[in-house]
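For reference, the chains in residue letters:
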Amino acid sequence: MSAGASRPGGTAEWLRRDAERISGALPPLMAEAERLAHTVVAGVHGRRRAGPGESFWQYRHAVPGDSAAAIDWRHSARSDSYYIREMEWESAQSVQIWADDAQAMDYRSDAAPRSKADRAALLALALSVLLVRGGERVGLMGSAQSRPRPGENQLTRIALELSRGREERPDYGAPPADPLTRGGRAVFLSDFMGPSADLFDAIARAAESGVSGALVQILDPAEESFPFDGRLIFRSMAGVVDFETQRARALREAYVSRLAERREMLAERALRSGWQFLQHRTSESPRKALLWLYMAVGGDR
């Protein structure tokens, strides 16, 4: 819709319709992300580090090499040991997240409770919740919220973007060419079934900006086990690819081999680029993947 064009039915009607759509889509996603984030918080020791800051963190025993000026003499006077007063490192980190919403991500077999796109959106928002609550800045790539920002308002904006979706979507997704914050982190959530060159170009651009990150390949269990037999027509979600076979089972070995090659290629490229790689199935609990992501983007600050 071009700027200044009127919407059918008048302003009040489309505003009410959009409000109902947003209010119906946002709370379930946000509530689920909040619950998931809460389960992970209990299992992490946090990302706190000693360093420059104004907030007291802990006392530790003085060791050879510590200067006399660093000793907390008041606290040390209460015992026979010398203690150093450490402050908490308060340097905020920038994390930009891409949640693939291409049509291929809509696939869901009977063995999975959610589609790949649903799982990517949930992980993206839950990770954002954890990071923002930890004082970090977060951005959602491919949207108006790509620039990392702190605060609860940013969480709301990201949740709205993830719930809104796009009208025109490609068959397979690729990381958008959004500017990355130098020295920050990036997270790519996708099935990575599209052209690998697009992904590798994005990782190379990130490396040029000193950005490291994590790749999470999200697959439906049927995409791994290939439980198909007999006469079938395989069609991509957008209908671009169409393939008919009389003996689907005969394709299984070649398919599984190609999928393993793709996984190994992703893991190898991630390793070479200083990134981390995880494969996640939509039939699995998202908690383990979220915990892995949280530590991957923040455990080495």
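Residues numbered from 1 in each chain as written. Predicted model: local features only at pLDDT ≥ 70, side-chain atom pairs only at ≥ 80, totals over all residues. Heavy atoms only, no water.

Peer 1: Provide a residue-level description of empty space enclosed by the protein, including the pertinent values.
Peer 2: Taken as a whole, this structure holds one cavity of 30 Å³ or more when the rule is applied. Space inside the largest cavity adds up to approximately 70 Å³. Along the walls of the largest cavity sit 14 residues, with G173, F192, G194, P195 and L199 positioned nearest its centre. The set of elements that each furnish at least two residues to the lining of the largest cavity consists of α5 (196-208) and α7 (252-272). It is α5 that contributes the most residues to the lining of the largest cavity, three residues altogether. Partitioned by chemical class, the residues of the lining of the largest cavity number eight nonpolar, four polar and two charged. (1 Å grid on protein atoms, 1.4 Å probe; cavity = no way out; pocket = protein on both sides within 12 Å on 5 of 7 lines; lining within 4 Å. Points joined across faces, edges and corners; volume = space filled by probe spheres on them. Helix = DSSP H or I, 4+ residues; strand = E, 2+ residues; numbered from the N terminus. Nonpolar A, V, L, I, M, F, W, Y, C, P; charged D, E, K, R; others polar.)

Peer 1: An account of the pairing of strand β6 (residues 212-219) is requested, with residue identities and associated values reported.
Peer 2: Successive residues of a regular strand alternate their side chains across the two faces of the sheet. Of all eight residues making up β6, seven are buried, and the element is well covered by its neighbours. Pairing between strand β5 (residues 185-190) and β6: six bridges, direction parallel. Bridging across to β6, F188 finds its partner in L215. Of the crossover connections in this fold, the one passing from β5 over α5 to the parallel β6 is right-handed. Summarising the sheet, β6 and strand β9 (residues 276-281) pair through six bridges and their orientation is parallel. The residue bridging I218 from the neighbouring strand is H280, located in β9. (Buried < 20%, exposed > 50% of the residue type's maximum accessible area, 1.4 Å probe, protein only. Pairing = 2+ DSSP bridges. Right-handed = clockwise from strand over helix to strand, strands pointing away.)

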